[in-house]
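Structural features, examined
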2 protein chains.
Amino acid sequence: MMNGLMMHCNLNIISIMRHAMTVHAEQEIVSLKSDGTTVHRYRYKDAFKRVAQFAYALDQLNISQQAKVGTLAWNTHQHMELHYAIPCSGRIYHTINPKLLDEQIQQIIGDAQDEVLLVEPENLALLERLYPSFKPFLKQVIVLGDIDPNLTASFPFQFYEALIQTQAESYPWPDIDETQASGLCYTSGTTGQPKGVLYSHRSTVLHAMTMSMVEVVGLHSGSVMMPMVPLYHISAWDMPFNAVLCGAKLVWPNQFAGQTDKMVQLMQQEQVDISMAVPTVWTSIKNHLLQHPQIQLKLKRAISGGSSAPLALIKSMQDLGIQLENGWGMTETSSLGAINRTALISENFDQQVVKCGRPIFGMQMRLKDLDGTELPFDGIQEGVLEIRGHTVVQQYLNASEEQKQQQANQQWFDTGDIATIDAQGYMHITDRAKDMIKSGGEWISSVEVENAAMGYHKVHEAAVIAVEHEKWGERPLLVLVSKDNQSISHEEMLSYLSTLLHKWALPSATVVVKDIPHTPTGKISKKQLREQYQHYFQQLSAV
Amino acid sequence: MMNGLMMHCNLNIISIMRHAMTVHAEQEIVSLKSDGTTVHRYRYKDAFKRVAQFAYALDQLNISQQAKVGTLAWNTHQHMELHYAIPCSGRIYHTINPKLLDEQIQQIIGDAQDEVLLVEPENLALLERLYPSFKPFLKQVIVLGDIDPNLTASFPFQFYEALIQTQAESYPWPDIDETQASGLCYTSGTTGQPKGVLYSHRSTVLHAMTMSMVEVVGLHSGSVMMPMVPLYHISAWDMPFNAVLCGAKLVWPNQFAGQTDKMVQLMQQEQVDISMAVPTVWTSIKNHLLQHPQIQLKLKRAISGGSSAPLALIKSMQDLGIQLENGWGMTETSSLGAINRTALISENFDQQVVKCGRPIFGMQMRLKDLDGTELPFDGIQEGVLEIRGHTVVQQYLNASEEQKQQQANQQWFDTGDIATIDAQGYMHITDRAKDMIKSGGEWISSVEVENAAMGYHKVHEAAVIAVEHEKWGERPLLVLVSKDNQSISHEEMLSYLSTLLHKWALPSATVVVKDIPHTPTGKISKKQLREQYQHYFQQLSAV
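Residues numbered from 1 in each chain as written. Chains lettered and ligands numbered in written order. Predicted model: local features only at pLDDT ≥ 70, side-chain atom pairs only at ≥ 80, totals over all residues. Heavy atoms only, no water.

1. Some details on the nonpolar core
Core analysis: the biggest nonpolar cluster contains 178 residues, and A:Phe54, A:Tyr84, B:Phe54 and B:Tyr84 have the highest contact counts within it. Other than its neighbours up to four places away in sequence, A:Tyr84 contacts A:Ile13, A:Ile16, A:Met17, A:Phe48, A:Val51, A:Ser89, A:Pro240, A:Phe241 and A:Val244. (Core = buried A, V, L, I, M, F, W, Y, C linked by side-chain atoms within 4.5 Å. Buried < 20%, exposed > 50% of the residue type's maximum accessible area, 1.4 Å probe, protein only. Contact = heavy atoms within 4.5 Å.)

2. With respect to the sheet that holds strand β1 (residues 28-32) of chain A
Residues and elements named next belong to chain A. On the basis of which strands lie adjacent, the open sheet formed by 9 strands has the order β2-β1-β11-β10-β12-β13-β14-β15-β16 and mixed pairing. Because the sheet does not close on itself, it has two edges, and the strands there are β2 (39-43) and β16 (358-359). With 3 bridges joining them, strand β10 (residues 224-227) and strand β12 (residues 274-277) adopt parallel strand pairing. Bridged to Met 225 within β12 is Ile 274. (Pairing = 2+ DSSP bridges. Helix = DSSP H or I, 4+ residues; strand = E, 2+ residues; numbered from the N terminus.)

3. Thoughts on the packing of helix α10 (residues 279-291) of chain B against helix α11 (residues 311-319) of chain B
Residues and elements named next belong to chain B. Relative to each other, α10 and α11 sit at 40°, their axes nearing to 10 Å. The orientation of α10 with respect to α11, classified from their angle, is oblique. For α10 against α11, the interelement crossing comes out left-handed. Across the interface between the two elements, Pro 279, Trp 282, Thr 283 and Lys 286 of α10 pack against Leu 313, Ser 316 and Met 317 of α11. Considered class by class, the residues forming the contact of α10 with α11 number 4 nonpolar, 2 polar and 1 charged. (Axes fitted to C-alpha atoms, helices over the stretch in contact; angles between N-to-C directions. Parallel < 35°, antiparallel > 145°, perpendicular 65-115°, else oblique. Left-handed = near helix turned anticlockwise from the far one by under 90°. Nonpolar A, V, L, I, M, F, W, Y, C, P; charged D, E, K, R; others polar.)

4. Examining the state of the cysteines
Disulfide: a covalent bond connecting the sulfur atoms of a pair of cysteines. Residues and elements named next belong to chain A. For the structure on display, the rule yields 0 disulfides over all chains. Here Cys 356 is not disulfide-linked; the sulfur of Cys 185 is the nearest cysteine sulfur, at 19 Å. Of the residues examined, Cys 356 reaches a relative accessible area of 8% and is grouped as buried. (Disulfide = S-S within 2.5 Å.)

5. Let's talk about helix α1 (residues 13-23) of chain B
It helps to recall that an α-helix has 3.6 residues per turn; residues three or four apart then point in one direction. Among the 11 residues that make up α1(B), 8 are buried, leaving the element largely enclosed by the rest of the structure. Burial in α1(B) covers these residues: B:Ile13, B:Ile14, B:Ser15, B:Ile16, B:Met17, B:His19, B:Ala20 and B:Val23. Buried residues in α1(B) make contact with β16 of chain A together with α2 (44-60), α3 (77-88), β8 (181-186), α7 (201-211) and α8 (234-246) of chain B.

6. Side note on the relation of the copies chain B and chain A
When chain B is fitted to chain A, the best match, at an RMSD of 0.1 Å, comes from turning it 180° and sliding it 0.0 Å along the axis. Both copies of the chain, as the preceding transformation shows, are related through a two-fold rotation axis. Of every C-alpha in chain B, the one belonging to B:Met213 sits nearest the axis of rotation, 2.7 Å from it. Comparing interface residues between copies, 100% of those in chain B also sit at the interface in chain A, which points to an isologous, same-surface contact. (Least-squares fit on C-alpha atoms with pLDDT ≥ 70 in both.)

7. Focus on the interface of chain B and chain A
One frequently used descriptor of interface size is the decrease in accessible area upon assembly of the parts. On the side of chain A, 75 residues touch chain B, which itself brings 75 residues to the contact. Buried area between chain B and chain A, summed over both chains or domains, comes out near 5,800 Å², and the portion from carbon and sulfur atoms is 64%. When residues of chain B are sorted by the area they lose upon contact with chain A, B:Met6, B:Met7 and B:Phe361 head the list and together hold 16% of the total. In this structure, the connection of chain B to chain A is made through 2 salt bridges. Here B:Glu178 makes a salt bridge to A:Arg202, at a shortest N to O gap of 2.8 Å. Counting across the chain B and chain A interface gives 28 residue pairs in polar contact (both at pLDDT 80 or more). Mapped onto the side of chain B that touches chain A, the elements with two or more residues apiece are α1, β9 (196-200), α7, α8, β16 (358-359) and β18 (383-389) of chain B. Residues of the side of chain B that touches chain A, tallied by class, amount to 35 nonpolar, 30 polar and 10 charged. (Buried area = accessible area lost by both parts, 1.4 Å probe. Salt bridge = Lys/Arg side-chain N within 4 Å of Asp/Glu carboxyl O. Polar contact = N/O pair within 3.5 Å; in protein donor to acceptor, adjacent residues only side chain to side chain.)

8. Details of the side chain of A:Gln394
In this structure, A:Gln394 sits in the loop between β18 (383-389) and α13 (401-408). Of the residues examined, A:Gln394 reaches a relative accessible area of 14% and is grouped as buried. Setting aside its immediate chain neighbours within four residues, A:Gln394 contacts A:Gln407, A:Ala408, A:Asn409, A:Gln410, B:Leu5, B:Met6 and B:Met7.

Printed below as a string of structure tokens:
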């Protein structure tokens, strides 16, 4: 093999900071304060001085080079600074969702063995509950804020602002090898234990570069980006790195993404032209704008992720002059792995626009049927979506020896989704593989049955799960919450669904319940439903 | 060190082809035929079938994996296909400028030891002259075109179209290691011997990704790009890779970039909205558009490189609705390394717009003064421009053992340019280091003196070189061609220049000549002038 004779420079996060400082030093970063009203405003050059200061602070606190440094924090300029100070000084940032259940947080931090935790003042109470189990590895707790004598805890802690203010403002950044770990995020996992995805400097920089392409996010120094997705969800879909690489103005909404009036006001005040959020947030904003037609926003692009935004929402937003673009990604794909730039769709708009979109550069996709045969990209045939790429996980952190061996050689990552891909590259997720019901050699999509059932006027919420069945292997069970406590019979549902679904997809039983269990992130907990109902048909026959 | 746990996928040219085929298979490539009038038109998916076919042909011809495959060819779809077939099958493409002098072509091909040469039919005559010296290493000559029985040579050759037509249309592309060499281009070198720059798959892909950013070139699938810079000049500034990565429509103008009417007609016909050329081509197009006000173009962006486009040209183009953007790069920087997106300039437009522009992501720059001290980026202090980056050469091909050892450890590449960089990152080249005159501890810019001299009404062309001087070390010598053979005295020039230049920068002598020597690429050959005049002052005193 003959090698090229070009320089090898590491694709590390320091290189993003360096470029931004050369070209975009004067760009603004705005951060909504915890009062929800006033803002903190400074420039890239100010931010990176503070980044240097916190890197010195970590050194002074004797935090080792491989240490994981956890954050339980909102979307603020401070949390963004941590995304540079920690990895650029050779450590690993670890974003943790403070809204998870205590057990989950305990499990995640215990698995990561974070040596430092940086928390918002209001999350100190959470640490108070969990501190005993962290004591063996936790060296420092730092509260993100100014000194506040009213804040107390049973364990020692420091204040971020006090810690950095005396430090020097420029740091001799090392040239970190691109393969080195830079960040850690756990899958929220609707099923099973949370699993840690350990990003490298290389995967992070390549993701930020790919996101910069016009048909992905395509920010530039004229953009004003407000990430409403939390930094604890895959670093707000890469915005600390991608937006800074592109020199965009950043607007951090603190913990107020759920407060529509605050968000709209902030967008107006800071002239936000692009933002990211889950579909429910966009629905609220759309409703707010419809109710207040006098509000004029500069918002042009609304990137949506987490789940697929429906056509009606996309069209309403379009009427308001805002392109709503579906994006797709996972913790395991460093956030965005596909995006639907609706402006590019010239034919079959209604059909194409609800899809997840086209893979970003470097993201390979393939579809496998039940037998493992690769399926063509015809937009029709559904298969298990497998992916491969620079920004895709190879192994989870702390995998067992057995898993490690298995994962080390795997060329493709199984997303667990069922999808189609069409000739233009548009990928469409039709279901989760584990939510598919394998009935007598045929696949039944639980999502399809759920969507059909949701159309019935008496149904408030519907979930369909696979339940063991003696004859068919699995059969669909329909679990319903009715509107206003109305009664719904199985026959009534069959009669409604029979015109909408193939015969074999009709549920074998209907159960009306008061509540359907949800995960902490608001999704239906199929796991809990399965545990509860897995022997439903056997129990029926036993009765 | 703790490594990240993400997949390692090679940054190779195959990944660009794969992405384009998934997402942009239907995009068009248009290529002006050799008649200069009709076009060849096909799609990415057709191009990549032919790419596979030529890869098979190379295998069948037993061309080894490390072979260098040279091209003496114009901007056509075939030449673009070679940019994929050769490196994606593990070989190294080597673009050669057919317009160089025979000795230079002989030297370059001899240094590269190309095993295959692909030539336009009209370049076969050139090969006929040089073939004997290539015989020891050259295995195949392939003419880019259909079988033409009228074409003959004293050596065996094949026809590209005949060679590929029987091959299979899909190829089992290997997963090439990203460090492997992919392409080769020699510096045209105004001084000294041409030197080979050996690009890697990694440097090529990273360059194509960076070019995709909005503030660099920022193409997308709605763009129509016509590269008027030749593919033999650093692969038309990366367009085979960058434009295809972005899914742009490509329009290849064959060898007709110098024929303004043809270019304007092609732009009109294909709705070209962005193009690249040297300033002289843009001047011709600007003049043509001024003379033909009825012509309506979609052209919005004109990227200019090779030398800096002057303010007057930029403003005239602006009046025509076209942004002319200066770019800067070298063979040693994989083409574009900085670009001036004029649309971003809000203050001091006239001053900023003529600069080379801001470094692309991954391109580091620093300025050194004569003592090697690093200078600040204040837009005022001039120093030697040194660069570092993924797309910067580490070593030249076939360097001597001594050079290799020296180059292997060099962190920074000395561009040989004298430049300033301002606080916004705008880099401005003020001179070539070797054209600077070191007079009594002061630097004199030959460009500054030349520009001043060019303002004199009797001067047609001016060149200033450093000439050895007993007292001052070096002193500027002014070499002039006068308008209409008028006589110009040294005193006359001094009197004119004295109000424009510092006293120490005034030339010590003026020589009026009939012609100033030029390089094959049209630049003044300072090398020849220096050879001729280096002892001018000594000779004067000797007389």
